[in-house]
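# Residue-level structure breakdown
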2 protein chains.
Amino acid sequence: MPRSDRYHHGDLHATLLQEANQLLNEQGVEGLSLRKLAERAGVSRTAPYHHFRDKNALLCALATRAFSQLDEMINRQLRKGGSKEAIQDFVREYLRFATENPEQYELMFGRTLWKGGEPTDELKSVAYRSFRHYAEQLGGMLQGRLPANTDALRVAQASWATVHGLCRLLIDGIYVNREDMEAVSEQSVALIMAALSHSED
Amino acid sequence: MPRSDRYHHGDLHATLLQEANQLLNEQGVEGLSLRKLAERAGVSRTAPYHHFRDKNALLCALATRAFSQLDEMINRQLRKGGSKEAIQDFVREYLRFATENPEQYELMFGRTLWKGGEPTDELKSVAYRSFRHYAEQLGGMLQGRLPANTDALRVAQASWATVHGLCRLLIDGIYVNREDMEAVSEQSVALIMAALSHSED
DNA sequence: GGGTTATTTTGACAGTGTCAAGATTATTGA
DNA sequence: TCAATAATCTTGACACTGTCAAAATAACCC
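Our subject in this report is the structure included herewith. (Residues numbered from 1 in each chain as written. Chains lettered and ligands numbered in written order. Predicted model: local features only at pLDDT ≥ 70, side-chain atom pairs only at ≥ 80, totals over all residues. Heavy atoms only, no water.)

### Some thoughts on the overall build of chain A
In terms of regular secondary structure, chain A is built from nine helices and zero strands. Reading chain A from its N end, one meets helices and strands in the order α-α-α-α-α-α-α-α-α. The principal-axis extent of the C-alpha atoms belonging to chain A is close to 70 × 35 × 30 Å. Looking at chain A residue by residue over its 201 residues, the buried ones come to 54%. Contacts spanning at least 24 positions in sequence make up 65% of the contacts within chain A whose residues lie at least 6 apart. Element-wise, carbon and sulfur atoms account for 46% of the exposed surface of chain A, whose accessible area totals about 9600 Å². Each charge class in chain A can be summarised by its mean position, and for the 24 positive and 27 negative side chains these summaries are 6 Å apart. (Helix = DSSP H or I, 4+ residues; strand = E, 2+ residues; numbered from the N terminus. Buried < 20%, exposed > 50% of the residue type's maximum accessible area, 1.4 Å probe, protein only. Contact = heavy atoms within 4.5 Å. Areas by Shrake-Rupley, 256 points an atom, 1.4 Å probe, with all protein chains shown as cover. Lys, Arg positive; Asp, Glu negative; His and termini not counted. Charge placed at Lys NZ, Arg CZ, Asp CG, Glu CD.)

### Details of the packing of aromatic side chains
Per the stated rule, a full pass over the model turns up 29 aromatic pairs over all chains. Members of the aromatic cluster, connected to one another through ring pairs, are Y175 of chain A together with F67, F90, Y94, Y105, F109, W114, Y128, F131, Y134 and W160 of chain B. (Phe/Tyr/Trp six-rings, centres within 6.5 Å; stacked < 30°, edge-to-face > 60°.)

### Remarks on the interface of chain B and chain A
One frequent convention defines the size of an interface as the accessible area lost when the parts assemble. In this complex, chain B contributes 42 residues to the contact, which on the side of chain A involves 42 residues. Carbon and sulfur atoms make up 60% of the area that chain B and chain A hide from each other, which totals about 3800 Å². Inspection of the region where chain B meets chain A yields 10 salt bridges. Connecting chain B to chain A are 13 residue pairs in polar contact (both at pLDDT 80 or more). Of all elements in the fold, only helix 5 (102–109), helix 6 (111–116), helix 7 (121–141), helix 8 (152–172) and helix 9 (181–196) of chain B reach the threshold of two or more residues within the side of chain B that touches chain A. For the side of chain B that touches chain A, the element with the most residues is helix 8 of chain B, which contributes 13 residues. (Buried area = accessible area lost by both parts, 1.4 Å probe. Salt bridge = Lys/Arg side-chain N within 4 Å of Asp/Glu carboxyl O. Polar contact = N/O pair within 3.5 Å; in protein donor to acceptor, adjacent residues only side chain to side chain.)

### Topic: the relation of the copies chain B and chain A
Expressed as a screw transformation, the operator carrying chain B onto chain A has a rotation angle of 180° and an axial translation of 0.0 Å, and the superposed copies differ by an RMSD of 0.0 Å. Here the two chains are linked by the operation of a two-fold rotation axis. Both copies present the same face, since 100% of the interface residues in chain B are matched by interface residues at the equivalent positions in chain A. (Least-squares fit on C-alpha atoms with pLDDT ≥ 70 in both.)

### Considering the layout of surface pockets
Considered as a void within the structure, the second largest pocket measures approximately 600 Å³ in volume. Sorting the residues of the lining of the second largest pocket by element identifies helix 3 (55–78) and helix 6 (111–116) of chain A together with helix 3 (55–78) and helix 6 of chain B as the ones contributing at least two each. In terms of residues, the lining of the second largest pocket owes the most to one element, helix 6 of chain A, which gives four residues. When its residues are assigned to classes, the lining of the second largest pocket shows five nonpolar, nine polar and 10 charged. (1 Å grid on protein atoms, 1.4 Å probe; cavity = no way out; pocket = protein on both sides within 12 Å on 5 of 7 lines; lining within 4 Å. Points joined across faces, edges and corners; volume = space filled by probe spheres on them. Nonpolar A, V, L, I, M, F, W, Y, C, P; charged D, E, K, R; others polar.)

### Here's the deal with the environment of S83 of chain B
Mapped onto the elements of the fold, S83 of chain B is located in the loop between helix 3 and helix 4 (84–100). As a C-alpha pair, S83 of chain B and M193 of chain B span 110 residues in sequence and 9.2 Å in three-dimensional space.

### Digging into the pattern of salt bridges
Under the criterion given, the structure shown has 32 salt bridges over all chains. For E72 of chain B, the salt bridge goes to R76 of chain B, with nearest N and O atoms at 3.3 Å. Taken as a pair, E72 of chain B and R76 of chain B lie in helix 3 at a separation of four residues, close to a single helical turn. For E72 of chain B, a relative accessible area of 44% corresponds to the partly exposed category. Between E136 of chain B and R132 of chain B there is a salt bridge, and its shortest N-O distance comes to 3.8 Å. Within this pair, E136 of chain B and its partner R132 of chain B are both found in helix 7, separated by four residues, close to a single helical turn. Salt bridges sharing common partners tie together E30, E103, E106 and R168 of chain A together with R111 and K115 of chain B.

What follows is the structure, given as structure tokens:
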């Protein structure tokens, strides 16, 4: 129970994560400073260091939570099967996930964590789990429908790259506008579906 | 002619760009500070401000130069036609361009310029030109080979997203490793080719 | 040569992440 | 119950960042 005039905050760990998330959505990663964050939580500049080893650890915690949501969404969507409609739904949901929380998506996949500061083991684990679930589900749907010499893993990687690349271009506003979203999305699904099988749909 | 003990540097503009490029390749955007840069050029901290309005302007200049190279590469590759081999070559070259200068590629397409600091008009112009050339060449190759209800622009956007997404995943080391590069590249080409025409190849 | 302009410098300011040492409270063990 | 230990939080400090203002120096032009 966090009271305001106490020396100990009460639940600073959770408060920090919550405020950090809000700050991230409002100003992006570059606007998220530990000092601003501490002030919002009503605490001194170095207090957060007793709950997160450093800034990188805090960001990794944020990203980890976000990957859990993504994983949940993937499992929910791909349970619907491999019809063109299901795939279309999945792509739509993925695009929604990315474009409705662009700062969060950029944090999840951006270089801030994956290049600059080393990603936490926990983050790597949950990030890979998301992809593994995607690849597994896709592999199941593709059973026997794949052309010869085609690895399901490669299809998973290539198709993820397609949707992911689309998100990046959309979010940063390069080459693809918000208005084009639906049309390009459909085209991307056509790309994926066409490669899935040279047999009929 | 830049001499060392002169008050005026002589050719600071060019020197800054050159050293900035090197610093970028060595340490990435986050390691590129104006102060380090000034020191490397043998000049005081604020000297660069008389050649670039601010840090953003300098980075935009770097990216602009890089986009020119990319544009040149695109035109060179796509002149080879629309055969599967030509497309494969193009994708290979694009991946090479991105993975051999990862920091440069991240600067070109990353949020640092497109979200954080406003991109220069010059940068926007050359960036869009690259894509326009790609779309035009692709459109030419696809003349009459496209299924009904398929816009060439959408194919250009979707296919670019595929290759671009692949580069991002590769560079940051997410989901796709360097060793998978060739295999995923081929799979991506298969994706693109399959969508290009439902007629035979 | 003198005045204008371009270039460079020093000084300063606010902001950042994070370390060290001390202050305060919670928790635990005897 | 109460002292010892651990957890939590604070103040102070340091090095680093981008950038502004004002002054110094050099080049250029008529």
